[in-house]
Amino acid sequence: MEHFKNKVIYQLYPKSFKDSDGDGIGDLKGIIEKLPYLHQLGIEMIWMNPIFVSPQKDNGYDITDYCSIDPLFGTMEELEELIQKAKQLNIELMFDMVLNHTSITHEWFQKALKGDKKYQDYYILRPAKEDGSLPTNWQSKFGGDAWEPFGDTENYYLHLYDVSQADLNWRNPDVRQELYKVVNFWLEKGITGFRFDVLNVIGKEEVLVDSLGENEKSLYTDTPIVHEYVKELNQESFGKKEGMITVGEMSSTTVENGILYSNPDRKELSMIFSFHHLKVDYDEGEKWSDIPFDFLELKQILNEWQTGMSDGNGWNALFWNNHDQPRANSRFGDPIKYPYETATMLAQSIHLLRGTPYIYQGEEIGMTNPDYSEIDEYVDIETHNAYKSMRLNGVPHEKAMKIIKEKSRDNSRTPMQWDGSSHAGFTTGTPWLNVAGNYQEINVEKELSDGKVFPYYQKLIKLRKKMPVISDGDYQGILLDDPEVFAYIREKDNQKLLVLNHFYGTEYSFQLPKEINDIDAEHLIGNYPDIKLEKEMKLRPYETVAFLLK
Ligand code: GLC
């Protein structure tokens, strides 16, 4: 069994984790201070969002220098100390590699702007069309056109994300070599995991064409050449070392490609993040909308990815939360009436699936979306672009704010809630982003003294470590049409695990499929007491339970 199957990875957002020097921004020293806490949780790897030198227009995903630590976060010596102290606690570090684009403040882009031909070929520059319009009609993922004039030349540069993030030209072998050097630099420092940002859009064609009403993303997403590049990246960097863990962030990908990226025979990556299950509350694909999530669609997507990746021997990263998503507790549950039940049901529903679970900071104590009332409380660039564009399109302020409250990426970026003191013990200064208002009820100190969410996560992590049926079993979805319960069976050798997750806040009864033998089932883990496996099951609000079937 591959080494990444029985581990759980913790995603830590450095800016918001723990500030040690009172400047309102989390830092490396703060992370070092909290290592024992992460060790207590039981995780074995930390994925950290980018901490490299950056103007922070997109919170570090706009990189000026790939091989230096931004002084905002600390120094190289502190990073070395972190690597070493984490290792003593059996925790490894996963770095976030943003190889699709650099900040326009990067030396390469600056040299290119000054006319250096070599560096101009590092980026994707194109002239306007004959009629003077932009090189293509593509839209930036953060809103607006994807092209910006390149200095005072005739050319435009492509930016699939913010205008300050210029896409790199992966067709140029020199660019690829430079990027492999970056990965190797961190590898030699002792980093043993890599998360590759938006990796499946690196393979742009030589000739870029307008989208003609088809799905525009398909013009630059999962192009066949991406797989060649990922293989090369593997061979030239992390593939040379044993025991590395890699994960690609794959936007709008397919199961078919997911298998290609993560089937071990292909020598590309250990696993991938896909996002379809987090778009079930988008109205016809529009993120900035306000509709309840579609539970049947959610189940259908999870089931399709579980089955498909399993059939093709691919591997999923399992997650509800990250720094780009609102908090799952607020999104799929009821954290006001059922905070413990919501948090533990959501956790269990994915921790017992086939794949490697990721815990996003604060999830383990049940953190929720904050309740900001002003647009100015938000910092995220995508949020501000969305607000402006909704207002321009005639959406009233109140409606736009309601949508932003539900969908903004800042929902998950609020400071970690350590205790009930001011700013939740995150900083002694003024935090860069306001703390959520519920920090006196939801915080680490409280949770460790008498909470039930953190211990539940500890249990789930231990179970995966100990039980091959969880880390390596087959998956079979059941009750696929049930409107309230997400249910599945995992199986390995002669062990069978049945998992039932109730996604609603009322009592609910349903029949188990006939094949399930309820005699001698053993209760493994659940978030309510007193439950037996019966033909006619009754689940309570947000109840989750797993039974070993004999
Ligand atoms: C990824 C990151 C996101 C960032 C974007 C551009 O989606 O997760 O935070 O804004 O890439 O780098």
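Residues numbered from 1 in each chain as written. Predicted model: local features only at pLDDT ≥ 70, side-chain atom pairs only at ≥ 80, totals over all residues. Heavy atoms only, no water.

## Focus: the overall build of the protein chain
Here comes step 1: If you tally the helices and strands in the protein chain, you get 17 helices and 22 strands.
Here comes step 2: Relative to a compact globule of 550 residues, whose C-alpha radius of gyration would be 24 Å, the protein chain shows 23 Å and is just as compact.
Here comes step 3: If you line up the protein chain on its principal axes, its C-alpha atoms span 75 × 55 × 50 Å.
Here comes step 4: Relative to its full complement of 550 residues, the protein chain shows a buried share of 62%.
Here comes step 5: Of the contacts formed within the protein chain by residues at least 6 apart in sequence, a portion of 70% connects residues at least 24 apart.
Here comes step 6: Looking at the protein chain as shown, the accessible area adds up to about 21500 Å², and 49% of this sits on carbon and sulfur atoms. (Helix = DSSP H or I, 4+ residues; strand = E, 2+ residues; numbered from the N terminus. Rg over C-alpha atoms; globule rule 2.2 N^0.38 Å. Buried < 20%, exposed > 50% of the residue type's maximum accessible area, 1.4 Å probe, protein only. Contact = heavy atoms within 4.5 Å. Areas by Shrake-Rupley, 256 points an atom, 1.4 Å probe, with all protein chains shown as cover.)

## Some remarks on the domain arrangement of the protein chain
When the parts come together, some accessible area is lost, and that loss is often what is quoted as the size of the interface.
Here comes step 1: You can read the domains of the protein chain as domain 1 (3–101 + 173–460), domain 2 (107–167) and domain 3 (473–549).
Here comes step 2: Computed over C-alpha atoms only, the centres of domain 1 and domain 2 are separated by 28 Å.
Here comes step 3: The partner domain 2 presents 23 residues to the 30 residues of domain 1 that form the contact.
Here comes step 4: Summing both partners gives a buried area of about 2200 Å² for domain 1 against domain 2, and 56% of it is carried by carbon and sulfur.
Here comes step 5: Among the salt bridges present, the one from aspartate 210 reaches lysine 129, with a minimum N-O distance of 3.0 Å.
Here comes step 6: The tally of links between domain 1 and domain 2 comes to 13 residue pairs in polar contact (both at pLDDT 80 or more).
Here comes step 7: Contributing elements (two or more residues each) for the side of domain 1 that touches domain 2: α7 (173–189) and α13 (381–392).
Here comes step 8: Broken down by element, the side of domain 1 that touches domain 2 gets its largest block of residues, 4 residues, from α7.
Here comes step 9: A class-by-class count of the residues in the side of domain 1 that touches domain 2 yields 11 nonpolar, 6 polar and 13 charged. (Domains from an automatic or database assignment. Buried area = accessible area lost by both parts, 1.4 Å probe. Salt bridge = Lys/Arg side-chain N within 4 Å of Asp/Glu carboxyl O. Polar contact = N/O pair within 3.5 Å; in protein donor to acceptor, adjacent residues only side chain to side chain. Nonpolar A, V, L, I, M, F, W, Y, C, P; charged D, E, K, R; others polar.)

## Considerations on unusual backbone geometry
Here comes step 1: Positive phi, normally seen in glycine, also occurs at asparagine 313, with a value near 55 degrees.
Here comes step 2: Phi is positive for aspartate 493, which is not a glycine, with a value near 50 degrees.
Here comes step 3: One can find aspartate 493 in the loop between β17 (485–492) and β18 (495–502).

## Examining the sheet that holds strand β7 (residues 125–127)
Here comes step 1: With antiparallel pairing, the 3 strands of this open sheet are ordered in space as β7-β9-β8. Edge strands, defined here as strands with exactly one partner in the open sheet, are β7 and β8 (147–149). Here the average twist between neighbouring strands, direction ignored, is 40 degrees. (Pairing = 2+ DSSP bridges. Axes fitted to C-alpha atoms, helices over the stretch in contact; angles between N-to-C directions.)

## What to know about the sheet that holds β17
Here comes step 1: Read from one edge of the open sheet, 5 strands run β16-β17-β18-β22-β20, paired in antiparallel fashion. Of all the strands in the sheet, the pair left with one neighbour each is β16 (474–478) and β20 (522–526). Across the sheet, the mean angle separating the axes of adjacent strands is 20 degrees when strand polarity is ignored.
Here comes step 2: Note that β18 and strand β22 (residues 544–549) share 6 bridges and pair antiparallel.

## A few points about the pairing of strand β12 (residues 245–249)
Here comes step 1: By the criterion of burial, β12 is predominantly enclosed, with 5 of the 5 residues buried.
Here comes step 2: Side-chain alternation along β12 places Ile245, Val247 and Glu249 on one buried face and Thr246 and Gly248 on a second face that is also buried.
Here comes step 3: Where β12 and strand β13 (residues 271–273) come together, 3 bridges link them in parallel fashion. Bridged to glycine 248 within β13 is isoleucine 272.

## A look at helix α16 (residues 453–466)
Here comes step 1: The first and last C-alpha atoms of α16 sit 20 Å apart over 14 residues, in line with the 20 Å expected at 1.5 Å per residue.
Here comes step 2: Buried within α16 we find Val453, Phe454, Tyr456, Tyr457, Leu460, Ile461, Leu463 and Arg464. (Expected span 1.5 Å × (residues − 1).)

## Topic: the site of the ligand
Here comes step 1: In the vicinity of the ligand, 14 residues are found, and the nearest of them are Asp58, Asp197, Glu249, His323 and Asp324.
Here comes step 2: Between the ligand and histidine 101 there is a distance of 2.9 Å, counted from an oxygen atom to a side-chain nitrogen or oxygen.
Here comes step 3: Aspartate 197 has a polar side-chain atom sitting 2.8 Å from an oxygen atom of the ligand.
Here comes step 4: Contact with the protein chains hides 96% of the accessible area of the ligand, taken as 310 Å² for the molecule alone.
Here comes step 5: Class assignment for the residues of the shell around the ligand results in 4 nonpolar, 3 polar and 7 charged.
Here comes step 6: Summarising the domain contributions, the shell around the ligand has at least three residues from each of domain 1 (3–101 + 173–460) and domain 2 (107–167). (Near = heavy atom within 4 Å.)

## A few points about the pairing of strand β5 (residues 92–97)
Here comes step 1: The buried count for β5 comes to 5 of 6 residues, which makes it a mostly enclosed element.
Here comes step 2: Direction of pairing for strand β2 (residues 45–48) relative to β5: parallel, over a ladder of 3 bridges. Within β5, the residue paired with methionine 45 across the bridge is glutamate 92.
Here comes step 3: Pairing geometry for β5 and strand β11 (residues 193–196), over 4 bridges, is parallel. Across the sheet, the residue bridging to methionine 97 is phenylalanine 196, located in β11.

## Overview of the environment of tryptophan 305
Here comes step 1: Secondary-structure assignment places tryptophan 305 in helix α10 (residues 295–311).
Here comes step 2: The exposure class of tryptophan 305 is buried, given its relative accessible area of 6%.
Here comes step 3: Along the backbone, tryptophan 305 and asparagine 316 are 11 residues apart, and their C-alpha atoms lie at a distance of 7.9 Å.

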